[in-house]
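Residue-level structure breakdown
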Number of protein chains: 2
Amino acid sequence: MGTTTAERPSGFDAFTAMCPSRRLLDTIGDKWVSLAIVALGIRGPLRYSELASQIEGVSQKMLTQSLRKMERDGLLIRTVTPSVPVRTDYELTPLGLTLLPVIAHLKEWAEEHMADVDAARTAYDARA
Amino acid sequence: MGTTTAERPSGFDAFTAMCPSRRLLDTIGDKWVSLAIVALGIRGPLRYSELASQIEGVSQKMLTQSLRKMERDGLLIRTVTPSVPVRTDYELTPLGLTLLPVIAHLKEWAEEHMADVDAARTAYDARA
DNA sequence: CTGAATCCCCACGGATACTG
DNA sequence: CAGTATCCGTGGGGATTCAG
């Protein structure tokens, strides 16, 4: 399928592995990435240690890894101040800022419908 | 619904592990779940084999697993027709349908900004 | 303080074989 | 046709240690 026929009524082409939507989900589907975006979006520029303390439960390894990925994707700017000790600030780029409404939209759906999901789960588990 | 009453200035409380937004991302962050939602949203009810052929690259194990999860979450209805051979149809629930605009919103951002991400990546990798 | 490097576990997910 | 069961490799991700 997919490879030959070009009849996609609604304009969704997400079935091809490398479509943009797929890659976006790969990015914000990352737990720490989305949390970092929200944190930086709310509080503005933050130091590494500030991010670490705000995003509870994140390991140093994963936080650094996520921040590097975001920097590479142009979502944030990393500024190193070569003082002693070193100070590193992270700040969302204009591009990174445009993700806030997207995440807000997700949040909106979640707050509106997640109770239904919970109810469905309870009912489902009760049947089983 | 947040965990407690509003304590986060901008209304984001995603830092608590079990917040609704987090759980939504856990759901649609699943590659096959989102693809199945899109497929069912476009084509309407589909049989198992139809889903399998439309969502290219999915293994039978993962497809079944994802569909079960979605059924449990009340996102789709699974109808088994005990004929020979068996026939199983999957159809989005009204709740599942409400996810389509959300995914569409993701798609919109992706198509609008993913080129910037690619450019940023190229620049970043070139510097390294 | 910020981060790189290492060890290590185990959950995710593919391949295969079997069943109603 | 639509699964379930099993094996198994790979990689995500936590804990720890070292470095600038």
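The model shown is predicted, which means the values in this text are computed figures rather than measured ones. Starting from 1, residues in each chain are numbered consecutively following that chain's sequence as written. Written order decides the labels, with chains lettered from A and ligands numbered from 1. Totals for whole chains, interfaces and linings use all residues, but because this is a predicted model, local features are given only for residues with pLDDT of at least 70 and pairs of side-chain atoms are given and counted only at 80 or more. Side-chain descriptors were evaluated using all non-hydrogen atoms of the structure, hydrogens and water having been removed beforehand.

Description of the relation of the copies chain B and chain A
In summary, the two copies of the chain are related to each other by a rotation about an axis coupled with a shift along it. Put simply, the rule reads: Least squares is used to superpose the copies, and the fit set is the C-alpha atoms of residues whose pLDDT is at least 70 in both copies. Should any heavy atoms of two residues lie within 4.5 Å, those residues are considered in contact.
Laying chain B over chain A is done by rotating through 180° and shifting 0.0 Å along the axis; what remains is an RMSD of 0.1 Å. Within this description, the copies of the chain are treated as partners about a two-fold rotation axis. Minimal C-alpha separation from the rotation axis in chain B is found for B:Gly29, amounting to 2.4 Å. Comparing contact sets, 96% of the residues at the interface of chain B also lie at the interface in chain A, consistent with an isologous, same-surface contact.

A few points about the protein's contact with DNA strand C
Heads up, the rule is: Put simply, a residue is near a molecule or strand once any heavy atom of it comes within 4 Å of that molecule or strand. A 3.5 Å cut-off defines polar contacts: any pair of N or O atoms within that distance qualifies, except that in protein one atom must be a possible hydrogen donor and the other a possible acceptor, and neighbouring residues in sequence count only when both atoms are side-chain atoms. Put simply, DSSP marks the helices as runs of H or I at least four residues long and the strands as runs of E at least two long, and each gets a number from the N terminus on. Note on residue classes: Ala, Val, Leu, Ile, Met, Phe, Trp, Tyr, Cys and Pro are nonpolar, Asp, Glu, Lys and Arg are charged, and everything else, Gly too, is polar.
The environment of DNA strand C is formed by 17 residues, the closest being A:Arg68, A:Arg78, A:Tyr90, B:Lys61 and B:Met62. Within the contact set of DNA strand C, a sugar or linking oxygen lies 3.3 Å away from a side-chain nitrogen or oxygen of A:Arg47. The contact in question runs from a phosphate oxygen of DNA strand C to an N or O atom on the side chain of A:Arg78, over 2.6 Å. If you list the elements that add at least two residues to the surface near DNA strand C, you get helix H3 (48–54), helix H4 (60–72) and strand S3 (87–92) of chain A together with helix H4 (60–72) of chain B. Classifying every residue of the surface near DNA strand C gives seven nonpolar, six polar and four charged.

Some remarks on the nonpolar core
Defined as follows: What makes a nonpolar core is a set of buried Ala, Val, Leu, Ile, Met, Phe, Trp, Tyr and Cys residues whose side-chain atoms join them at distances within 4.5 Å. Accessible area is worked out with a 1.4 Å probe on protein chains only. A residue is then buried under 20% of its type maximum, exposed over 50%, and partly exposed in between.
If you look at the biggest cluster of nonpolar residues, it comprises 66 residues, and the most contacted ones within it are A:Ile37, A:Leu51, B:Ile37 and B:Leu51. Beyond its immediate chain neighbours, meaning those up to four positions away, A:Leu51 contacts A:Ala39, A:Leu40, A:Leu46, A:Leu63, A:Leu67 and A:Tyr90.

Remarks on the pairing of strand S3 (residues 87–92) of chain B
All names here are of chain B. To be explicit about the condition: Only when DSSP finds a minimum of two bridges between them are two strands counted as paired.
As paired elements, strand S1 (residues 46–47) and S3 share two bridges and run antiparallel to each other. Looking at the pairing, Leu46 lines up with Tyr90 of S3. With six bridges connecting them, strand S2 (residues 76–81) and S3 associate as antiparallel partners. Residue Leu76 lies in a different strand from S3, and its bridge partner there is Leu92.

Quick word on helix H2 (residues 31–43) of chain B
Residue and element names in this part refer to chain B. Note the following rule: In this analysis, the expected span of each helix is defined as 1.5 Å times one less than the number of residues it contains.
End to end, H2 covers 19 Å across 13 residues, agreeing with the expected 18 Å (1.5 Å per residue, within 8%). Across the 13 residues that make up H2, a large majority, ten, are buried. Its side-chain oxygen placed 2.9 Å from the backbone nitrogen of Trp32, Asp30 serves as the N-cap of H2. Phi for Gly44, located one or two positions after H2, is positive at around 80°.

Focus: the packing of H2(B) against helix H6 (residues 99–127) of chain B
Any two packed helices are characterised by the angle at which their axes cross and by the distance between the axes. All names here are of chain B. Put simply, the test is: Only C-alpha atoms enter the line fits that serve as axes; for helices the fit covers just the stretch in contact. Angles between N-to-C directions range over 0 to 180 degrees. Working definition: roughly parallel below 35 degrees, roughly antiparallel above 145 degrees, roughly perpendicular at 65 to 115 degrees, and oblique for all remaining angles. By definition, any crossing whose near helix is turned counterclockwise from its far helix by less than a right angle is left-handed, and any crossing with a clockwise turn is right-handed.
Following both chains from N to C, one finds H2 and H6 inclined at 115°, their axes separated by 10 Å at the closest point. Classed by the angle they form, the pair H2 and H6 counts as roughly perpendicular. Where H2 crosses over H6, the two elements pack in a sense that is left-handed. Across the interface between the two elements, Ser34, Ile37, Val38 and Gly41 from H2 touch Leu99, Leu100 and Ile103 from H6. Taken together, the residues of the contact of H2 with H6 break down into five nonpolar, two polar and no charged.

Here's the deal with the UniProt feature "domain: HTH hxlR-type" (unreviewed entry) in chain A
Counted only if it meets this: UniProt positions are given in the numbering used here, feature names are shortened, and annotations may be inferred rather than shown by experiment.
Feature annotation in UniProt places "domain: HTH hxlR-type" (unreviewed entry) on residues 19–118 of chain A, given in this structure's numbering. Between the first and last C-alpha atoms of residues 19–118 of chain A the distance is 31 Å; the span itself is 66% helix and 14% strand.

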